[in-house]
Structures are given as C-alpha cells and as structure tokens.
Amino acid sequence: MRPLHYYLLGTGSWFLSVGIQGVMFAWLVTMVLRESPDRVGIAQMTLLLPGTLFILAGGSVADRYGGRRVAALAQAAGTLAPLWLLALVLADRLTFAGLLAYALVMGCAQAFVTPARDGLLNYVADGRIQRTVMLAGIAQFGTSILGFLLASTADAVGPALILGIQVLILAVGVVGFLNIAQPRRAHQPESRTTLMASVIEGATTVLRHRQLRMVALQNVAMALFFMGSYIVTLPLLVREAFNGSASDLGLMNACNSIGLVLAIFVLLRRGDVARQGRALIAAQFVGAIMLGAVALAPGFAAFLGLVFVWGACGGVAMTMSRTIMQEQAPDGQQGRVMGFHSFSFMGAGPLGALGSGYLVDEMGAQAALGISAAGMLAVVLMIGLRSSLWRMETAS
C-alpha cells in the first residue's frame, strides 16, 4: 500500500471513532443522564479544552519527532478513553464525573493526533495538496457518517457494544499510522530548539502571514458560533423541540456529514479551486444564513434538510481553510502551522460550547442559534470586506 492509503486508513479510523463519540457522548449526557443545558456545555467544553492547552505543543512535537510516531502513540492512548467508559457502563456506574474523565483523555489524545496527522499530509500528497485535502476530507466525514449511524443504534443494542467497537477501530488506525514511511529527517529531534521556542516560531509564522492570520480568525469564529451550536445547541434542540432519541441525534449528525462529503466530492470532481479565499468566505456567509434558518425549522424533516445544507457549506469552508494553510506553510513547519490551524478552531471551542450552553439556558435553543448565526455573519462580512482573502488567487 502507498503512504496515502495508510494515511487514509489512520485518518478514517480516527474519524469513525469521532463519529461514534459525537452521538454517544451527546446522548449519554443529554438523554441518559438528563443533564441541564449548562452542564451539557461544561461536558462538551471539557472534551475540547485539552486542544486549547496542548495542540500547539502537539504540532511542535510532531515536527520534532515525526508525525507518524506521534499520531500512532496518541491514538493508542486515545483507546483508553472508550475503554474507561465501557468499564463504567458494564459496572452500571456511569456518572457525569466519569464522562468528564473520558472527555479529558480523548481531548488530550486529539491534541496530539490532529497536528501530527495534518503534518503528514504534505508528505503523502505527492505534490497535489488540494486534491489530497479533499480525499482526506471525504475519508474523515465519510467515516464519521458511518460512526453516527452506528452510534444511533445505541438505544437498541446498548452502549457497551458500540464502545467496544470504538476501541477496536482506534487500534486499527494505530496500525495504519505505523505503516507510513517517512523521510529520515522527520524522525530527528531538533536539538537546538526548545519546545517552547518551536511553538512560538510556528505561531509567529501564522500571525505574520496575512492570509494565514485571516484563516485563523475565521476558525475562531467558527468555533465560537458554529461548533458550540453543533455540539451543544442542536442536541438540546433535538431533545426539547423534537423529543429526540439516539437515532435522531445520529440522523442529525449524519445529515450534516453527508452534506460535508457531497460538497467535498463535488470539489474533487471539479478540480482545484483557484480563488480559495473567496470560496471560503462565500461558504461561511451562506453557512451563517443556514444556521439561522435551522432555528426556524417547522419540523424535524425540515430541520434535517437545513442541517444538510449547513454541512455542505462547512465542507467547502473546511477544505479551503486547510488547503490555504497547507500550501502556505513553510517547509519544516507543517506540523506547527497545522497545529495553530487546529488551535484556532479547537482552542476557541470550549468557549463556544460553554457559551452556547448558557445561552440555551437563558434564552432557549432557537434564540441561541439565531445569536450564533448573527455573530458568524458579522465576522465573515468583516473578513470579506477588510482582508485580502477575497482577492487571493492560487494557480490551479
């Protein structure tokens, strides 16, 4: 198998696990434990918080010791989280504190897997970065759909079986990452640079680059307004407005990811996008409008349809933002630059989750979605009017 195939195996296994987690974690905290909106926000914040603290260090570690090694070790550590949750379920001792422990372990694993995996993409792309980003996106969200659908059967088969499958899936991904051969230099630690200096160098590279800085800014807005809505507000809306179950949460997540995959597939068939910044801004603009429309959905079918369109917008936006970062990253700093890319998204995620929880608690899920949509729209308009992203053009 080629390095790209092993990369897609490792990536797909992680996101298949993430798909399972996306439904199971939300189902356990909102519908099994029946926690209040603010505690749902706290739980989702805990899942995202390690990314804020460690993902920049994760990017530097990947650059120093090799993305293959770091991704494999971090994913192996991630298998401990569903094993822990499985033990609690089998012992009938599931608690809110137990879910928070799961969230911390899985969040720490993600903080190191994500930049290590993204740093490998340039190597396996063989010069075709945008196409490989699209293939990776299809692998990510395609397997996520399978995870959502698998986890949606938890009402019928019980959580223990689903969690056991999640452990096995993560183990398969470890094998995939270990089989990626890397250039020898990727395994040699940088003896002259401390970890902190390495982190600062990567952050400085992003902040001094006009396009990279704007991509990072829109990532922060996505985390605050879109991620918080997706992982906190929408599950609560499904619970309160539609009397939802695990299968309903699975359908919601699947519709979002199907939209993502179809959008990326269309981009793949179309070929490389030259005006990447313009595509990014336009996708986020339409996405903000769609999120506002989700709040006004008259029924569950309409709700799913709007979530699908919102997901399609996200597929374009995520592909363009990752492509810009990958193509503009200096050689030898791919792990750090992609770590900062993930940090700008995941780092603001805990605030988005916590804020969404409190907004729902005070104003209701529909009003919270409307506020998030308006906030994202304002940021997108500011970036489109005041930055160079709209005029950015890359040779296809």
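Read on for an overview of the structure. (Residues numbered from 1 in each chain as written. Predicted model: local features only at pLDDT ≥ 70, side-chain atom pairs only at ≥ 80, totals over all residues. Heavy atoms only, no water.)

## Observations regarding the overall build of the chain
Which entries qualify depends on this criterion: To qualify as a helix, a DSSP run of H or I must reach at least 4 residues; to qualify as a strand, a run of E must reach at least 2; elements of each kind are numbered from the N terminus. Atoms considered for the radius of gyration are the C-alpha atoms alone. The globule rule reads 2.2 Å times the number of residues to the power 0.38. Exposed residues in this analysis have more than 50% of their type's maximum accessible area, buried residues have under 20%, and partly exposed residues fall in between, with area computed by a 1.4 Å probe over protein chains only. The contact rule is simple, with two residues in contact once any of their heavy atoms fall within 4.5 Å. To measure how exposed things are, a 1.4 Å probe is used in the Shrake-Rupley method; for residues, cover is taken only from the protein chains shown. His is not counted, nor are the chain ends, whereas Lys and Arg count as positive and Asp and Glu as negative. For charged residues, the charge sits on one atom: NZ in Lys, CZ in Arg, CG in Asp, CD in Glu.
Across its full length, the chain carries 16 helices and zero strands. The C-alpha radius of gyration of the chain comes to 20 Å, within 12% of the 21 Å expected for a compact globule of 396 residues. Counting only C-alpha atoms and orienting by the principal axes, one finds that the chain spans roughly 55 × 50 × 40 Å. Counting every position in the chain, which comprises 396 residues, the buried fraction comes to 60%. A sequence separation of at least 24 residues applies to 87% of the contacts in the chain between residues at least 6 apart. Here the chain has roughly 15,300 Å² of accessible surface; of this, 65% comes from carbon and sulfur atoms. Looking at the chain, you have 25 positive and 17 negative side-chain charges, and the mean spots of the two groups are 11 Å apart.

## Observations concerning the side chain of R239
Threshold: Polar contact is the term for a pair of N or O atoms within 3.5 Å; when the atoms are in protein, one must be able to donate a hydrogen and the other to accept it, and sequence-neighboring residues count only if both atoms are side-chain atoms.
By the secondary structure assignment, R239 is in helix α10 (residues 210-242). Within the structure, the side chain of R239 is placed 2.7 Å from the side chain of E240, a separation counted as a polar contact.

## A few points about unusual backbone geometry
Look at R34: it is not a glycine, yet its phi comes out positive at around 55°. With respect to the element layout, R34 can be found in the loop between α1 (3-32) and α2 (37-65). Exposure remark for R34: the relative accessible area of 54% places this residue in the exposed category. Even without glycine at this site, D92 takes up a positive phi of about 55°. Of note, D92 is situated in the loop between α4 (80-90) and α5 (96-125).

## Digging into helix α8 (residues 159-178)
Threshold: The length a helix should cover is 1.5 Å for every residue beyond the first.
With 20 residues, α8 extends 29 Å from end C-alpha to end C-alpha; this agrees with the ideal 28 Å at 1.5 Å per step. All of the buried residues in α8 are P159, I162, L163, Q166, V167, I169, L170, G173, V174, G176 and F177. In the core, the buried residues of α8 are packed alongside α1, α3 (67-78), α4, α5, α6 (129-151) and α7 (154-157).

## Focus on the packing of aromatic side chains
Counted only if it meets this: In this scheme Phe, Tyr and Trp rings, the latter by its six-membered ring, pair at centre separations within 6.5 Å, and the angle between planes marks the pair as stacked below 30 degrees, edge-to-face above 60, and tilted otherwise. Two limits define a charge over a ring: the Lys NZ or Arg CZ must be within 6 Å of the ring centre, and within 35 degrees of the ring normal.
Per the counting criterion, the structure on display carries seven aromatic pairs. On the basis of an interplanar angle of 25° and a centroid distance of 5.9 Å, the ring pair of F25 and Y102 is categorised as stacked. A residue pair is termed long-range when its members are at least 10 positions apart, and F25 in helix α1 and Y102 in helix α5 qualify at 77 residues. When sorted by exposure, F25 lands in the same class as Y102, which is buried. Ring geometry for F226 against W310: centres 5.4 Å apart, planes inclined by 85°, an arrangement best described as edge-to-face. Linking F226 in helix α10 with W310 in helix α13 (residues 300-328), this pair joins segments that are 84 residues apart in sequence. Taken individually, F226 and W310 each receive the classification buried, so the pair is uniform in this respect. Here a set of aromatic residues connected by ring pairs shows up, and it is made of F226, Y230 and W310. The lysine or arginine in question, R39, covers the ring of F96, its NZ or CZ lying 4.0 Å from the ring centre.

## Points about the nonpolar core
Our working definition: Think of a nonpolar core as a cluster: buried Ala, Val, Leu, Ile, Met, Phe, Trp, Tyr and Cys residues, connected wherever their side-chain atoms sit within 4.5 Å.
Residues M24, W27, L234, M252, F303 and L389 are the most contacted members of the largest nonpolar core, which totals 109 residues. Here this core gets 16 residues from one element, more than from any other, and that element is α10. For L234, the residues in contact, after removing those within four places along its chain, are S229, M252, V294, F303, W310 and L369.

## So, the packing of α10 against helix α12 (residues 276-294)
Let me state the cut-off plainly: Working convention: axes come from line fits to C-alpha atoms, limited for helices to the stretch in contact. Angles between N-to-C directions cover 0 to 180 degrees. Should an angle fall under 35 degrees it is called roughly parallel, over 145 degrees roughly antiparallel, and 65 to 115 degrees roughly perpendicular, with every other angle called oblique. We call a crossing left-handed when the near helix sits turned anticlockwise from the far one by less than a right angle, and right-handed when that turn is clockwise. All residues other than Ala, Val, Leu, Ile, Met, Phe, Trp, Tyr, Cys, Pro, Asp, Glu, Lys and Arg, Gly among them, are scored as polar; the first ten of these are nonpolar and the last four charged.
Taken N-terminus to C-terminus, the directions of α10 and α12 make an angle of 25°; their axes are 12 Å apart at the nearest point. Accordingly, the angle class assigned to the pair α10 and α12 is roughly parallel. For α10 against α12, the interelement crossing comes out left-handed. Touching V215, Q218, M222, F225, F226, S229 and L234 of α10 are L280, Q284, G287, A288, L291 and V294, all from α12. Among the residues making up the contact of α10 with α12, the classes are represented as nine nonpolar, four polar and no charged.

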